[in-house]
Amino acid sequence: MTKFEPKIVGFVCNWCTYAGADLAGVTRTQYRPNVRIVRVPCTGRVDPLFIIKAFENGADGVLISGCHPGDCHYISGNFHAKRRWIFFKGLTDFIGIEPERIQYAWVSAAEANKWAKMVDEVTESIAKLGPFTRYHDLKKPLPDQNAPPMIWSEAWLPGIEEGVELPEESPSAPALREKARELLESGEVKVVIGYCWAKRQRRVVPLFISKPEEVSRLVFNSLCVNNLAVYLPKKQGDVAKMGKPAIIAKGCDIKTIVVLLQEEQIARDGVVILGVSCSGVVYRQELWKGKMAPDLLAPKCFDCDVKTPHLA
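This is a predicted model, so every value here is computed, not measured.

Now for the confidence of the model for the protein chain. Considering every residue of the protein chain, the mean pLDDT works out to 85; 90% of them sit at 70 or more. Note that pLDDT drops below 50 for residues 138-157; the model gives that stretch 42 contacts with residues more than four away or on any other chain.

Next comes the structure, spelled out in structure tokens:
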């Protein structure tokens, strides 16, 4: 058997660590090839969600490295990153990641040897921990089914078993389809963002409709988990190119839309919001066995105060 070689994602500062790694390459300094570098303007730009997403996509460890204290190109970006890491470290056990899998270090542009030595040490320490499979082995049940769920990648979740009866459709669904058809036929909107049943994956997934005859595909039930508001910001170029959107939104999704409006990431007259009442959604679709149970509800649903959306 071959020796396990960990995959490590390195978020490195453009001005110091990346230059140091580049210098190590120019001087042909030998070190382990396990780190895949992601260059960022500053380590202060590294959001904890970047780290989680790296593990979701197969990383066994994460390395964050930037300028030495006092040498930050943006004055205090590395201090913000360090402070953020201290807070995030306390959450790693909750989300199922050993703290040792995430390493933080300072490397300047002139420290090629330090970079090489650090990569070797980090690779060796993570190799001793073995491969990270917490987000891969979905057959293994959670220790406590009543506890909030771990972070799972939607792409890896299995679908609902064949023969299992789907949840009852919301009474609002027919009206949603009719309103969507009306908006598209009148030209008031160019695209409707909603949900549909994907037969191949056997799960409910986001759907973009641009033709009135396609509205029959729209569904709404307790498997409509995704927050569709993530497709609305101006930076989501694909939606912007399609034209003015209409979006199906649960009460909790409305809260996201309000924040986007406050941050001026979207304009109120630039989107039509189709609010739909919601009695709760499941947090893992593959656990659906044909009947809703309290332990299947998403944690956010227990304290939800917007069963009926406003601003819609």
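Now, onward.
Moving on, we get to the sheet that holds strand β4 (residues 102-106). Read across the sheet, 4 strands follow the order β2-β1-β3-β4 without closing on themselves; strand pairing throughout is parallel. Every other strand in the sheet has two partners, leaving β2 (35-40) and β4 as the edge strands with one partner each. When the angles between neighbouring strand axes are averaged without regard to direction, this sheet yields 20°. Alignment of strand β1 (residues 8-13) against strand β3 (residues 61-66), held across 5 bridges, turns out to be parallel. Considered in β3, the bridge of V12 is made with S65. Its contacts with the sheet place helix α2 (residues 48-56) against β1, β3 and β4, and it is angled at close to 145° to β3. Sheet strands touched by helix α4 (residues 112-129): β1, β2, β3 and β4. Its angle to β3, the strand with the most contacts, is close to 155°.

What follows concerns the state of the cysteines. According to the stated counting rule, one finds 0 disulfides in the structure shown. Of the cysteine sulfurs around C196, a residue in no disulfide, the closest is that of C224, at 9.4 Å.

Below, the discussion takes up the packing of aromatic side chains. According to the stated counting rule, one finds 7 aromatic pairs in the structure shown. Each ring, one from F208 and one from Y231, has its centre 5.0 Å from the other, and the planes form 85°; the classification is edge-to-face. Within this pair, whereas F208 is found in strand β6 (residues 203-209), its partner Y231 is found in the loop between β6 and α6 (237-242), the two being separated by 23 residues in sequence. The class of Y231 is partly exposed, set by a relative accessible area of 25%. We note R39 situated over the ring of Y18; from NZ or CZ to the ring centre the distance is 4.2 Å.

How each quantity is defined
- Residues numbered from 1 in each chain as written.
- Predicted model: local features only at pLDDT ≥ 70, side-chain atom pairs only at ≥ 80, totals over all residues.
- Heavy atoms only, no water.
- pLDDT = per-residue confidence, 0-100.
- Contact = heavy atoms within 4.5 Å.
- Pairing = 2+ DSSP bridges.
- Helix = DSSP H or I, 4+ residues; strand = E, 2+ residues; numbered from the N terminus.
- Axes fitted to C-alpha atoms, helices over the stretch in contact; angles between N-to-C directions.
- Disulfide = S-S within 2.5 Å.
- Phe/Tyr/Trp six-rings, centres within 6.5 Å; stacked < 30°, edge-to-face > 60°.
- Buried < 20%, exposed > 50% of the residue type's maximum accessible area, 1.4 Å probe, protein only.
- Lys NZ or Arg CZ within 6 Å of the ring centre and 35° of its normal.

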